[in-house]
Amino acid sequence: MKTLKEAYKDYFDIGATVNVGSYKSFGNLIAEQFDSITCENEMKYGFVCNTKDEYDFSRADELYNFALDNGLKIRGHNFVWHQCTPVDHLDTFSPEKLWERIKEHIKLVSDRYQKVSCWDVINEAADDKNGLFLRDTVWHRKFGDDYYMKIYALARELVPENIQLVYNDYNEYIPEKREKMLRIVNDLKAEGLIDAVGFQSHITIPKYFSLDEYKRTFEEFSKTGLRIHITELDIALPPINTKKTFSDVTAEEREAWAKLYGNVFAVFREYAELIDSVTFWGVSDDTSWLNNAFDGHGRDALLFDRDHQPNEAYFRVTEF
Ligand code: XIL
């Protein structure tokens with residue numbers, strides 16, 4: 001049996017999200033299968049900094065050291081997001097004070113983790129609603145409509161040159177959302193403030209996903225000249241808009257799901273020259289965020305099952 005990283009060694013790095021629980025229970029599997037990790041939460045603003053603006057890096061350090069000790073790359077995720085952030089606290093700041101705060105934050109975190117391969121500088125800035133460009137966030141409210149330009153300029157100044165700056169977002173295969181993401185990255189690219197774009201690639205409701213639109217996304221972004229990272233891949237089984245749990249899934253539904261995984265990787269191979277890394281949002285189904293996110297109805301989504309064994313989708317992905 002080929003490991004994921006062996007199967008894709010001539011294409012791109014294979015990564016997975018790890019958390020302080022999962023690396024302890026199956027660290028060997030992670031080191032054996034993957035080239036790279038991302039901290040699921042541990043480097044996020046609200047996980048390293050509290051509402052007294054005090055820092056605790058112990059959990060992020062643990063995962064950073066796990067990566068370095070095992071020769072794994074590690075993606076930096078993330079500096080600025082509207083979730084996992086003490087928004088109510090930051091909303092009490094004046095724009096000037098918030099600017100000093102985020103400047104200090106980026107400097108502190110970036111100086112500490114100088115061996116990350118990249119930073120997702122802003123996560124999910126584009127709004128999902130039709131007709132609205134940028135999401136209403138504390139950063140947008142305080143720094144204005146060009147806030148993303150300002151924050152990436154700051155990151156460019158503070159982050160070592162060899163570390164890629166990334167813009168990361170989801171639903172990149174939905175045309176309206178893709179246009180907004182393109183607008184953001186083209187603005188940043190024009191000023192030399194960005195190196196790569198992150199396609200989260202959460203396929204939580206497969207009927208909103210199409211391989212053709214996904215390919216179009218690669219085509220459109222290839223024109224920007226930026227590198228592409230697949231940052232948070234998972235395919236929900238059953239989809240998140242049903243009340244079913246993973247134990248209600250029929251054999252046909254499972255088969256279609258595994259096949260979709262295979263087809264998605266065929267797209268990655270087709271566009272491999274543009275892609276640096278493909279990262280799964282988790283390793284095994286028992287630890288996937290989709291068990292609890294949205295409605296808490298337990299679902300499968302990854303290539304390793306609840307006993308940490310490779311499932312049928314694993315073989316669709318590694319045998320081609
Ligand atoms: C999720 C984590 O998996 C959860 O544990 C946490 O409660 C919320 O964040 N998009 C992202 C990730 O960029 O950081 C999110 O991770 C999933 C969606």
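Just above, that's the structure.
For every chain, the first residue of the written sequence is number 1, and numbering continues from 1 along that sequence. For a predicted model such as this one, the threshold for reporting local features is a pLDDT of at least 70, and the threshold for listing and counting side-chain atom pairs is 80 or more; totals across whole chains, interfaces and linings nevertheless cover every residue. Side-chain numbers here rest on the full set of heavy atoms in the structure, without hydrogens or water.

Notes on the site of the ligand
The environment of the ligand is formed by E40, N41, K44, H77, W81, N123, E124, Q200, H202, E232, W281 and W289. We call two N or O atoms a polar contact when they sit within 3.5 Å, provided that within protein one can donate a hydrogen and the other can accept it, with sequence-adjacent residues counted only if both atoms are side-chain atoms. The contact in question runs from an oxygen atom of the ligand to an N or O atom on the side chain of N123, over 2.8 Å. All accessible areas in this document rest on Shrake-Rupley with a 1.4 Å probe, and a residue is counted as covered only by the protein chains that are shown. For the ligand, whose unbound accessible area comes to 410 Å², protein coverage reaches 80%. Looking at the shell around the ligand, its residues break down into three nonpolar, five polar and four charged. Each residue is tested against the molecule or strand, and it is near if at least one of its non-hydrogen atoms lies within 4 Å. Side-chain classes are defined by residue name, with Ala, Val, Leu, Ile, Met, Phe, Trp, Tyr, Cys and Pro counting as nonpolar, Asp, Glu, Lys and Arg as charged, and the others, Gly among them, as polar.

Remarks on the packing of helix α8 (residues 147–158) against helix α9 (residues 175–190)
For the pair α8 and α9, the least separation of the axes is 10 Å and the interaxial angle reads 45 degrees. Compared by their axis directions, α8 and α9 come out oblique. For α8 against α9, the interelement crossing comes out right-handed. Between α8 and α9, the contacting residues are Y148, M149 and Y152 on the first element and I184, D187 and L188 on the second. Of the residues in the contact of α8 with α9, the class split is five nonpolar, no polar and one charged. Only the stretch in contact is used when a helix axis is fitted, and all axes are lines through C-alpha atoms; the angle between N-to-C directions ranges over 0 to 180 degrees. The way it works is that DSSP assigns letters per residue, a run of H or I at least four long becomes a helix, a run of E at least two long becomes a strand, and they are numbered from the N terminus. Here roughly perpendicular refers to angles of 65 to 115 degrees, roughly parallel to angles under 35, roughly antiparallel to angles over 145, and oblique to all remaining angles. If you view the pair so one helix is near and one far, a crossing is left-handed when the near helix is turned anticlockwise from the far one by less than a right angle, and right-handed when it is turned clockwise. Residue contacts follow a heavy-atom distance rule, with two residues in contact if any of their heavy atoms lie within 4.5 Å.

Re the nonpolar core
In this text, buried Ala, Val, Leu, Ile, Met, Phe, Trp, Tyr and Cys residues form a nonpolar core when linked through side-chain atoms within 4.5 Å. The cut-offs for exposure are 20% and 50% of the maximum accessible area for each residue type, with area from a 1.4 Å probe on protein chains only; residues under the lower value are buried, those over the upper are exposed, and the others partly exposed. In terms of nonpolar packing, the biggest core is built from 106 residues, with Y261, F265 and F268 touching the most fellow members. If sequence neighbours within four positions are ignored, F268 has contacts with F12, Y214, F218, I230, L233, I275 and V278.

A short note on the packing of aromatic side chains
Centres within 6.5 Å make a pair out of two Phe, Tyr or Trp rings, where for Trp the six-membered ring is used; the pair is then stacked when the planes are under 30 degrees apart, edge-to-face when over 60, and tilted otherwise. Evaluated as defined, the whole model comprises 33 aromatic pairs. For a ring to carry a charge above it, either NZ of a lysine or CZ of an arginine must fall within 6 Å of the ring centroid while also lying within 35 degrees of the normal to the ring plane. A cation over a ring is seen here: K97 above F93, with NZ or CZ 4.2 Å from the ring centre. Over the aromatic face of F246 sits the side chain of R306, whose NZ or CZ is 3.7 Å from the ring centroid.

A closer look at the pattern of salt bridges
One speaks of a salt bridge when a side-chain nitrogen belonging to Lys or Arg is within 4 Å of a carboxyl oxygen belonging to Asp or Glu. In total, this model carries 26 salt bridges according to the counting rule given. Here D295 ties to R299 by a salt bridge, and the two come within 3.0 Å at their closest N and O atoms. With a relative accessible area of 0%, R299 lands in the buried category. Residues joined by salt bridges that share partners form a network here, namely D128, R135, D169 and K177.

Regarding the side chain of D13
Looking at the element boundaries, D13 is found in strand β1 (residues 13–18). By relative accessible area, which is 19% here, D13 ends up buried.

Some words on helix α6 (residues 95–112)
One fewer than the residue count of a helix, multiplied by 1.5 Å, yields its expected span. For α6, with 18 residues, the first-to-last C-alpha span of 26 Å sits near the 26 Å given by 1.5 Å per residue. Those residues of α6 that sit buried are L98, R101, I102, H105, I106, V109 and S110. For α6, the angular spread of the buried residues around the axis is 140 degrees, confining them to a single face. An arc is given here, and it is the one of the directions from the helix axis to the C-beta atoms.

A short note on the state of the cysteines
Disulfides are defined as cysteine sulfur pairs within 2.5 Å. Following the criterion strictly, the structure yields zero disulfides and no others. Take C39: it sits in no disulfide, and the sulfur closest to it among the cysteines is that of C118, at 11 Å. Residue classification places C39 among the buried positions, given a relative accessible area of 1%.

Some remarks on unusual backbone geometry
At the junction of H77 and N78, the peptide bond is cis and its omega measures out at -5 degrees in the coordinates. Within the element layout of this structure, N78 appears in strand β3 (residues 73–80). Put simply, L237 and P238 share a cis peptide bond, and its omega is -5 degrees. Relative to the helices and strands, P238 is located in the loop between β8 (227–235) and α11 (251–270). One non-glycine residue, C84, lies in the positive phi region at around 50 degrees. Note that C84 resides in the loop between β3 and α5 (87–91). Although it is not a glycine, H308 adopts a positive phi angle of roughly 65 degrees. Of the residues examined, H308 reaches a relative accessible area of 22% and is grouped as partly exposed.

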